[in-house]
Amino acid sequence: MSATMLETRGLTRRFGGLVAVNEVDFDVRENEIHAILGPNGAGKSTLINLLSGEFPPSEGEIRFQDRPIQGRKAQQIARMGIGRSHQKTNVFPRLTCLQNCQLAARIHLGGVLGSWRSRQRARAVDERALQALETCQLVYRAYTPAAAMSYGEQRQLQIAMVLATEPTLMLLDEPMAGMGREETAQVTELLKGLADTYTLVLIEHDMDSVFRLANRITVMVDGCVLETGPTAQIRASEKVRDVYLGRHQEEVHA
Amino acid sequence: MLHTYPKRVVVIMLVLTAIVAIFPLWGPAVFGAQSDFMMEKMTLMLILALFAMSLDLLVGIVGLVSLGHALFFGLGAYTLALASPAFSPAAIWWMAPLVMLVAALAALVVGFLVIRTRGIFFIMTTLAFGQMLYYFVSTSRHTGGTDGVFIMFRPSVEVGGAVLLDLDNPLTFFYVCLAMVVVGYLFLRWLTRSFFGQVLDGIHDNEHRMEALGYATGHYKLVAFVISGVMASLAGMLAAMQYGFANPSQLGWHTSGEVLMMLILGGMGTVFGPILGAFAYEILQHTFEHLTTHWPILMGITIILAVLILPRGIAGLIIDPPSRASLAKSSPLRWLKPGRAAPASEAVKPAAPAPREG
């Protein structure tokens, strides 16, 4: 079994009286695709936000590569190697596709000063940005302003931006949200390809993609972890079926 | 792409620069005896253009609306006035760096505190700091109270005893200001298109995302704040030389508001827009002042109309000139000529909606 990359112990986040994430023990192993499932309001996005430092946990501990990271700022956590994408499309609309990726790559390659000081560094940024676009099959859009691209392409650009930061761990919040069937299949393939090199944590509603992609799945309900385990175990679990899959299947059959 | 403009922008700016630069040739013919006065006015417009440009870095590029930018303008003026010896000119070689240093330090301190706030709170905190200095200089004995401080001698530009530029000569000073605007413009153009500028664009569009990528956005904003403050202080120093005094009104919120209006009139975030805005604002004010004593009313109406008709300022008009079809559709024209505009807009229509029906 591969080593644990990230783990949380008793992770809790309260918003006023609402407990969005409640005593969550969660761990991600190296080079796995770990999907988080759960009905709306289960606390999936909050969990991702806690992991990426968007806001601090109320209680509990997060360890990344054996270092505690709870309470650190988002920018610090990003620079430690946790890259994330947001649920809402979150690209820089006025910048071109390539510039979006350059921006993402630059901060992890010495920042603005690094690029100013050494031409080699600046070139490395360009290379990495282009590579990220290539992986996401967006090279032909390199010089198109992000605002001029289709929704699906913008979502893909978002993944490319996370890639350009060359993270150790990628947190993707519904990367396929709002995509068409064809685009979803395309992104699923893309993510599958990434799994060789990266560790992924994925929130996704699309069941087919989740079961095809994930090695392990954590199911959350009302801020708590209902069950966590290999994909096959979750697929077969009675508990999960009752709470989530059952509902989902009813919808499908209805 | 962002910060790349059509060629006509360069052409128009070069032509305008040339027209301003050869003012001494055509000025006397057009304005006659008033020519010298006009040149002083023009010098002032150039100084304000530099001031407006510096604010554009904050407001237009980074997206931080400051209502206290005159703080640095006035600080430049007062630093020059207070540091100048009473009976001899100061050397520009240490005066300019001193002004920049004082402004940079002030911008660091003020920026460190205000950069944490956003939106309306940023406006209010910058306003507060501006007014703090305003009340300090207008009540302190050391700064001459509401009278301000007079500057007896403009700084000298000498190397080894040889006078390079005589700043007391209005013509020389005019060209120095023109050169400062050109240099300031080129600097800002370079900055906005550099890697640093890219980060500022990112912060402007989505600061949150920049943090998620790993950028310590506060640092970048602070650097922009300091650069902007230093540029404004240089404009303030030139203004103090031009007027011959430093006055509290130079750092009050009135001045901050005026320069903000120049920015809006000219077009935010374009760097060349604020230059046009400064000239347009001053020319408008000059014209209205001669028409009526109630000129602020006219000025206000003009600004409101300008914002309504040209939401992206004069610069937007140049970057993206309206086509005939869009002009015919625009509400002010339809309102003015209801009979003629209607068929024009209908003539345009059939081309667009046709595929939608099929």
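Residues numbered from 1 in each chain as written. Chains lettered and ligands numbered in written order. Predicted model: local features only at pLDDT ≥ 70, side-chain atom pairs only at ≥ 80, totals over all residues.

### Observations concerning the overall build of chain B
Argument step 1. When helices and strands are tallied, chain B shows 17 helices and four strands.
Argument step 2. Computed over C-alpha atoms, the radius of gyration of chain B comes to 22 Å, within 12% of the 21 Å expected from 2.2 N^0.38 for 358 residues, which places it in the range of a compact globule.
Argument step 3. C-alpha atoms of chain B, sized along the principal axes, occupy 80 × 60 × 40 Å.
Argument step 4. Within chain B, contacts between residues separated by at least 24 positions form 74% of all contacts whose residues are at least 6 apart in sequence. (Helix = DSSP H or I, 4+ residues; strand = E, 2+ residues; numbered from the N terminus. Rg over C-alpha atoms; globule rule 2.2 N^0.38 Å. Contact = placed C-beta atoms within 7 Å.)

### Side note on the overall build of chain A
Argument step 1. Broken down by element type, chain A carries ten helices and ten strands.
Argument step 2. In terms of C-alpha radius of gyration, chain A reaches 18 Å, essentially the compact-globule figure of 18 Å for 254 residues.
Argument step 3. By its C-alpha atoms, chain A is 55 × 40 × 40 Å across when sized along the principal axes.
Argument step 4. In chain A, which comprises 254 residues, the proportion classed as buried is 46%.
Argument step 5. Relative to all contacts within chain A whose residues are 6 or more apart in sequence, the contacts with residues 24 or more apart total 65%. (Buried ≥ 20, exposed ≤ 12 C-beta atoms within 10 Å, placed from the backbone.)

### Here we look at the nonpolar core
Nonpolar side chains in soluble globular proteins tend to be buried together.
Argument step 1. Membership of the largest hydrophobic core comes to 163 residues, with the highest contact counts inside it found for Cys101(A), Ala160(A) and Ala49(B).
Argument step 2. Here this core spans two domains, since at least three of its residues come from each of domain 1 (1–81 + 171–254) and domain 2 (90–166) of chain A.
Argument step 3. Ignoring sequence-local partners within four residues, the contact set of Ala49(B) consists of Val181(B), Pro274(B), Ile275(B), Ala278(B) and Phe279(B). (Core = buried A, V, L, I, M, F, W, Y, C linked by C-beta atoms within 7 Å. Domains from an automatic or database assignment.)

### Quick notes on the packing of helix α3 (residues 35–62) of chain B against helix α11 (residues 272–291) of chain B
Residue and element names in this part refer to chain B.
Argument step 1. α11 packs onto α3 with a crossing angle of 135 degrees between their chain directions and a minimal axis gap of 8 Å. By the angle class used here, α3 and α11 are oblique. The interaxial crossing formed by α3 with α11 has right-handed handedness. Together, Lys41, Met45, Leu48, Ala49, Ala52, Met53 and Asp56 of α3 and Pro274, Ile275, Gly277, Ala278, Phe279, Glu282 and His286 of α11 make up the contact between the two elements.
Argument step 2. Considered class by class, the residues forming the contact of α3 with α11 number nine nonpolar, two polar and three charged. (Axes fitted to C-alpha atoms, helices over the stretch in contact; angles between N-to-C directions. Parallel < 35°, antiparallel > 145°, perpendicular 65-115°, else oblique. Left-handed = near helix turned anticlockwise from the far one by under 90°. Nonpolar A, V, L, I, M, F, W, Y, C, P; charged D, E, K, R; others polar.)

### A closer look at the sheet that holds strand β4 (residues 59–64) of chain A
Residues and elements named next belong to chain A.
Argument step 1. Pairing within the open sheet is antiparallel, and its four strands lie in the order β2-β1-β4-β5. One side of each edge strand has no neighbouring strand; the edge strands of this open sheet are β2 (18–29) and β5 (67–68).
Argument step 2. Note: β4 against β5, two bridges, orientation antiparallel. When the sheet's bridge partners are listed, Arg63 is paired in β5 with Pro68.
Argument step 3. Lying on the sheet, helix α1 (residues 44–51) is in contact with β1 (4–15), β2 and β4; it crosses β2 at an angle near 65 degrees. (Pairing = 2+ DSSP bridges.)

### Thoughts on the confidence of the model for chain B
All names here are of chain B.
Argument step 1. Residues with a pLDDT of 70 or more make up 92% of chain B, whose mean pLDDT is 87.
Argument step 2. Per-element averaging of pLDDT across chain B places helix α17 (residues 354–357) at the bottom with 40 and helix α9 (residues 217–243) at the top with 95.
Argument step 3. Ignoring residues within four places in sequence, the model shows residues 341–358, a span with pLDDT below 50, making seven contacts including any to other chains.
Argument step 4. Overall fold confidence for the complex sits at a pTM of 0.88, while the interface term, ipTM, reaches 0.86. (pLDDT = per-residue confidence, 0-100.)

### A word on the domain arrangement of chain A
Residues and elements named next belong to chain A.
Argument step 1. Here the domain parsing of chain A yields domain 1 (1–81 + 171–254) and domain 2 (90–166).
Argument step 2. Computed from C-alpha atoms alone, the centre-to-centre distance between domain 1 and domain 2 is 25 Å.
Argument step 3. Of all the secondary structure elements, the ones that give two or more residues to the side of domain 1 that touches domain 2 are α2 (74–80) and α7 (181–194).
Argument step 4. If you tally residues by element for the side of domain 1 that touches domain 2, the top one is α7, at three residues.
Argument step 5. A breakdown of the residues in the side of domain 1 that touches domain 2 according to their chemical character gives five nonpolar, two polar and two charged.

### Quick notes on the pairing of strand β3 (residues 162–165) of chain B
Residues and elements named next belong to chain B.
Argument step 1. The pairing of strand β2 (residues 157–159) with β3 spans three bridges and is antiparallel. If you follow Val159 over to β3, its bridge partner there is Ala162.
Argument step 2. If you look at the hairpin formed by β2 and β3, you'll find two residues sitting between the two strands, and Gly160 has a positive phi there, around 55 degrees.

### Details of the interface of chain A and chain B
Argument step 1. Contacts between the two partners involve 23 residues from chain A, matched on the other side by 17 residues from chain B.
Argument step 2. Of all the elements in the fold, those that place two or more residues in the side of chain A that touches chain B are α2, α3 (97–106) and α4 (111–117) of chain A.
Argument step 3. Taken together, the residues that form the side of chain A that touches chain B break down as eleven nonpolar, eight polar and four charged.

### What about the packing of helix α4 (residues 70–83) of chain B against helix α6 (residues 119–139) of chain B?
All names here are of chain B.
Argument step 1. For the pair α4 and α6, interaxial distance at closest approach is 9 Å and the crossing angle is 30 degrees. As the angle between them shows, α4 and α6 are arranged roughly parallel. Touching Ala70, Leu71, Gly74 and Tyr78 of α4 are Phe129, Gly130, Leu133 and Val137, all from α6.
Argument step 2. Here the contact of α4 with α6 is composed, by residue class, of six nonpolar, two polar and no charged.

### Quick notes on the sheet that holds strand β8 (residues 199–203) of chain A
Residues and elements named next belong to chain A.
Argument step 1. Across the sheet, six strands lie side by side as β6-β7-β8-β3-β9-β10; this open sheet has mixed pairing. In the strand order of this sheet, the two ends are held by β6 (82–85) and β10 (224–230), each with one partner. Strand-to-strand twist in this sheet, taken as the mean axis angle between neighbours without regard to direction, amounts to 15 degrees.
Argument step 2. Pairing of β6 with strand β7 (residues 169–173) involves four bridges; the strand directions are parallel. The residue bridging Ser85 from the neighbouring strand is Leu172, located in β7.
Argument step 3. Along the sheet face, α1 touches β3 (33–37), β6, β7, β8 and β9 (216–221) and points at about 150 degrees away from the line of β7.

### Examining the UniProt feature "transmembrane region" (unreviewed entry) in chain B
All names here are of chain B.
Argument step 1. As annotated by UniProt and renumbered to match this structure, "transmembrane region" (unreviewed entry) occupies residues 12–32, 44–72, 92–113, 120–137, 173–191, 212–239, 259–284 and 296–319.
Argument step 2. Helix and strand shares over residues 44–72 are 76% and 0% respectively, and the end C-alpha atoms of the span are 17 Å apart.
Argument step 3. Helix makes up 100% of residues 92–113 and strand 0%, and the two end C-alpha atoms of the span are 31 Å apart. (UniProt positions renumbered as here; feature names shortened; annotations may be inferred.)

### Describing the environment of Asp147(B)
Residue and element names in this part refer to chain B.
Argument step 1. Considering the arrangement of structural elements, one finds Asp147 in the loop between α6 and β1 (149–150).
Argument step 2. Taking the C-beta count within 10 Å as the criterion, Asp147 has 11 such neighbours and is therefore assigned exposed.
Argument step 3. A sequence separation of 92 residues divides Asp147 from Ala239, and the C-alpha atoms of the two residues are 16 Å apart.

### Quick word on the pairing of β8(A)
Residues and elements named next belong to chain A.
Argument step 1. Extensive coverage of β8 is indicated by the burial of five of its five residues.
Argument step 2. Going residue by residue along β8, you find Thr199, Val201 and Ile203 tucked away on one face and Leu200 and Leu202 tucked away on the opposite face as well.
Argument step 3. Summarising the sheet, β3 and β8 pair through four bridges and their orientation is parallel. Paired with His34 across the strands is Val201, a residue of β8.
Argument step 4. Pairing between β7 and β8: five bridges, direction parallel. Paired with Asp173 across the bridge in β8 is Ile203.
Argument step 5. After leaving β7, the chain enters α7 and then returns to the sheet as β8, a path that is right-handed. (Right-handed = clockwise from strand over helix to strand, strands pointing away.)

### Concerning helix α6 (residues 151–164) of chain A
Argument step 1. Its 14 residues give α6(A) an end-to-end C-alpha distance of 20 Å, which sits within 8% of 20 Å, the value for a rise of 1.5 Å per residue.
Argument step 2. Of the residues flanking the end of α6(A), it is Glu166(A), one or two places downstream, whose phi is positive at about 45 degrees. (Expected span 1.5 Å × (residues − 1).)

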